[in-house]
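Observations on the model geometry
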Amino acid sequence: MCGIIGYVGPMDAARVVMDGLRRLEYRGYDSSGIALGVDGRLYFAKRAGKLAKLAELLADSPLPVSHQGIGHTRWATHGGPTDTNAHPHLSSDEQVAVVHNGIIENFAELREQLETDGVVFASQTDTEVASQWLARELRACGDLVQAMRATCGRLKGAFTLVAIDAAHPDTIVAARRNSPLVVGVGEGENFVASDVAAFIEHTREAIELGQDQVVVITPSTVVITDFDGNVKKGRQYRVDWDAKSAEKTGYDWFMRKEIFEQPRAVADTLLGRFDAAGHLMLDEVNIGDDELRAIDKIVILAAGTAFYAGMVARYAIEHWTRVPCEVELASEFRYRDPIVGPRTLCVTISQSGETADTLMAIRHARAQGARVIAICNTVGATIPRESDAVLYTRAGPEIGVASTKGFTTQLAACYLLGLWLAQVRGTKFGDEVADMVDELNAMPALMQQVLDRAESIYRLAHDLAANKDFLFIGRHVGYPVALEGALKLKEIAYLHAEGFAAGELKHGPIAIISPATPVFVIVPPRGRDQLHDKVVSNIQEVRARGARVLVLAEAGDESVVPFASTLIQLPSVSTLLQPMLAILPLQMFACELATVLGHDVDQPRNLAKSVTVE
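Before going into details, it helps to say that this report is about the structure given with it.

Criteria and cut-off values
Residues numbered from 1 in each chain as written. Predicted model: local features only at pLDDT ≥ 70, side-chain atom pairs only at ≥ 80, totals over all residues. Heavy atoms only, no water. Helix = DSSP H or I, 4+ residues; strand = E, 2+ residues; numbered from the N terminus. Buried < 20%, exposed > 50% of the residue type's maximum accessible area, 1.4 Å probe, protein only. Contact = heavy atoms within 4.5 Å. Pairing = 2+ DSSP bridges. Axes fitted to C-alpha atoms, helices over the stretch in contact; angles between N-to-C directions. Polar contact = N/O pair within 3.5 Å; in protein donor to acceptor, adjacent residues only side chain to side chain. Disulfide = S-S within 2.5 Å. 1 Å grid on protein atoms, 1.4 Å probe; cavity = no way out; pocket = protein on both sides within 12 Å on 5 of 7 lines; lining within 4 Å. Points joined across faces, edges and corners; volume = space filled by probe spheres on them. Nonpolar A, V, L, I, M, F, W, Y, C, P; charged D, E, K, R; others polar. Core = buried A, V, L, I, M, F, W, Y, C linked by side-chain atoms within 4.5 Å. Phe/Tyr/Trp six-rings, centres within 6.5 Å; stacked < 30°, edge-to-face > 60°. Lys NZ or Arg CZ within 6 Å of the ring centre and 35° of its normal. Patch = residues over 30% accessible without salt bridge, like charges linked within 9 Å, V, L, I, M, F, W, Y side chains within 5 Å. Areas by Shrake-Rupley, 256 points an atom, 1.4 Å probe, with all protein chains shown as cover. Salt bridge = Lys/Arg side-chain N within 4 Å of Asp/Glu carboxyl O. Lys, Arg positive; Asp, Glu negative; His and termini not counted. Charge placed at Lys NZ, Arg CZ, Asp CG, Glu CD.

**Some points on the environment of Arg314**
As for its placement among the helices and strands, Arg314 is situated in helix α9 (residues 305-321). Judged by relative accessible area, Arg314 falls into the partly exposed class, the value being 25%. For the pair Arg314 and Ile298, spaced 16 residues apart in the sequence, the C-alpha separation amounts to 8.9 Å. Setting aside anything within four residues of it in sequence, one finds Arg314 in contact with Ile300, Cys325 and Val327.

**Brief notes about the sheet that holds strand β3 (residues 41-48)**
Strand order in the open sheet formed by 8 strands is β3-β2-β4-β1-β10-β9-β11-β15, with antiparallel pairing between adjacent strands. Only two strands of the sheet have a single neighbouring strand rather than two, namely β3 and β15 (235-238). Neighbour-to-neighbour, the strand axes of this sheet turn through a mean angle of 20 degrees, independent of strand direction. The sheet contact formed by strand β1 (residues 3-8) and strand β4 (residues 68-74) spans 6 bridges and is antiparallel. Paired with Val8 across the strands is Gln68, a residue of β4.

**Description of the sheet that holds strand β21 (residues 469-474)**
Two pairing modes exist for strands in a sheet, parallel and antiparallel, and in both the strands are linked by backbone hydrogen bonds. With respect to topology, 5 strands assemble into an open sheet ordered β22-β21-β23-β24-β25, the strand pairing being parallel. With one partner strand each, in any of the chains shown, β22 (496-501) and β25 (566-570) form the two edges of the open sheet. Direction aside, the axes of adjacent strands within the sheet are offset by 20 degrees on average. Pairing geometry for strand β24 (residues 548-554) and β25, over 5 bridges, is parallel. Looking at the pairing, Val551 lines up with Leu567 of β25.

**Observations regarding the side chain of Asn106**
Here Asn106 is to be found in the loop between β6 (96-104) and α3 (107-116). Residue classification places Asn106 among the buried residues on the basis of a relative accessible area of 8%. Polar side-chain contacts of Asn106 include one of 2.8 Å to the backbone oxygen of Arg154. For Asn106, the residues in contact, after removing those within four places along its chain, are Arg154, Leu155 and Lys156.

**Section: the state of the cysteines**
In this structure the tally under the stated criterion is 0 disulfides. We note that Cys141 lacks a disulfide partner, and the nearest cysteine sulfur, in Cys152, lies 13 Å from it. Residue class for Cys141 comes out partly exposed when judged on its relative accessible area of 30%.

**A closer look at empty space enclosed by the protein**
Empty pockets left among the atoms are what a rolling probe the size of a water molecule brings to light. The final tally for this structure, using the stated rule, is 2 cavities of 30 Å³ or more. Of the voids in this model, the largest cavity is the one considered here, and its volume is about 80 Å³. Around the largest cavity, the lining is made up of 13 residues, and of these Arg74, Thr77, His87, His100 and Gly102 lie nearest the centre. When contributions to the lining of the largest cavity are tallied by element, the ones reaching two or more residues are β4 and β6. Per-element accounting of the lining of the largest cavity gives the leading share, 3 residues, to β6. Taken together, the residues that form the lining of the largest cavity break down as 2 nonpolar, 9 polar and 2 charged.

**Brief notes about the nonpolar core**
Counting 100 residues, the largest nonpolar core has Phe470 and Phe589 as the members making the most contacts within it. The element best represented in this core is helix α13 (residues 405-425), accounting for 13 residues. Grouped together as the second largest cluster of nonpolar side chains are 33 residues, Val16, Leu21, Leu51 and Ala246 included.

**What to know about the packing of aromatic side chains**
Aromatic rings considered in pairs are described by the distance between their centres and by the relative angle of their planes. Counted according to the given criterion, the structure contains 8 aromatic pairs. For the ring pair Trp320 and Tyr415, a centre distance of 6.1 Å and an interplane angle of 65 degrees mean the geometry is edge-to-face. Taken as a pair, Trp320 in helix α9 and Tyr415 in helix α13 lie far apart in primary sequence, 95 residues in all. Note on Tyr415: relative accessible area 1%, which makes it buried. Through a chain of ring-to-ring contacts, the aromatic side chains of Phe470, Phe472, Phe520 and Phe589 assemble into a single cluster. The ring of Trp133 has Arg136 lying over it, and the distance from NZ or CZ to the ring centre is 4.6 Å. Over the aromatic face of Tyr458 sits the side chain of Arg256, whose NZ or CZ is 5.0 Å from the ring centroid.

**Quick notes on a negative patch on the surface**
On the surface, a cluster of negative charge is made up of Asp431, Glu432, Asp435 and Asp438. By the element assignment, Glu432 lies in helix α14 (residues 430-451). Accessibility expressed as a relative area gives 31% for Glu432, which makes it partly exposed.

**Section: the side chain of Asp195**
Along the chain, the position of Asp195 falls in the loop between β10 (190-193) and β11 (205-208). A polar atom in the side chain of Asp195 sits 2.9 Å from the backbone nitrogen of Ala197. Discounting residues that sit within four places of it in the chain, Asp195 has contacts with Leu24, Tyr26, Arg27 and Val182.

**Some points on the environment of Gln368**
Positionally, Gln368 belongs in the loop between α11 (356-367) and β19 (371-376). We classify Gln368 as partly exposed; its relative accessible area is 37%. Between the C-alpha atom of Gln368 and that of Ile339, which follows or precedes it by 29 residues, the distance is 8.7 Å. Here Gln368 is in contact with Val340, Gly341 and Pro342, once residues within four sequence places are set aside.

Shown next, in the form of structure tokens:
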């Protein structure tokens, strides 16, 4: 959540910063602002609401041309989304401007100290405490970098701070603790941002920062130190996608574009992960085979959509490895005193690699001696850096807040990890692993077949647009698909939607089914006959109550035809892999229904793409 960009260089800083903020809108925000340094003075503009309001303000009252600027899109935590509470925040003497992501946990204590010294605050935010304290340290030492280190030493919590001061028009100073920050390295210009998307139009060369580090950028230099002043060297890397990848390219929504990118994204995630004989080669997972054979429990840690991917993974990993597997909400994990140790393997799933709850969970697990493998889409993010190993999903940028290709590529990575563990532990024969690899390789083409039938799903969305309640049911791996399908409707259509395990219907949920209630049912392939037959019985139960039954079943399954109000056919695959196909119609349905209802599909209300605070 929230977005930050800073720029120093020859271009018009206001234009660069505003363009960067537009590319960060997907992260979620409710206000925005920029600050520029010109001739020893700071100029700023900020507005509550969408970035368009800030753009209108700048068009009516342009700021002076500058070559140094910082900008921010804010998601309110301390203090409501108002013009005053929007970032940047200036110190009382207007010598320092600061933008901030995260939460400063001891801000009240620091604010009280400053107010005792006569400082007058203009906002209710924790961020203004940082700007006022930074100015205080700057007056004491005369050096912004030293002042930033001293300020960071007083702050508790998670934060990224980016600051400029009026006396140094060619310098930006930034710091991070438990919050994302990346440097963009250009030709005669440099950037800092919370996400490479902010500067991808200008450079694909990036430097990842470590924990508790300060970076100073000028147009020609990048200097990194820790909070004690020791010089550090960040890891430089090249972003493997370009600005065009973060554009809609003819689609009305990023979400719709990303739905249709899924076959390629899954193919990229699978690419190079096995040899010609089908043996898996996860070279980046550098944990010894003997250690993996000694593992006696696997714990999957995730939040939101990634949690539902983890639920699917549990079925596959337990089936293939015969190791007990738990799936935990990262936000709950460390608060229940979990039992983990050196023989526990924790698998964390996070699209951004910055999810605060998940990061705190893996730190707790590692403190207990557990080994951690991260499944992540963002190179250089905090969670992969703090894990023992990482499996990147290669989905490319996902701009829509509601995750789509993030989910399916996470599933692909989880399947790869489960099969690889089975291969290492010897619980699957080589030919069995090779057969599953072949089926995984076939998935992108089968996903495309489902996407090619989008028009029928769109017609269904138009037909059901007047409904206010939707139910989703499934068994086995169909259950987390039901949960994810319901989540998509909640996120972008703002409708009441619930996902249930189909076997639980008679234990309460069936009471809310009334005539014409739309009920999506995910039917497993016929290879699992007992499982399949039980779901067909569930269909009959809801149909008997007058529900409109929307059945997702494999092509050729005639047993469901008499009971389906609408039949959505899926290509035939193994039960464990069916979620990669079954979720696609539900994503398309939610996207089209939200469009029909007139909602902003890419930036749904109250939501942020990356939840970087607890």
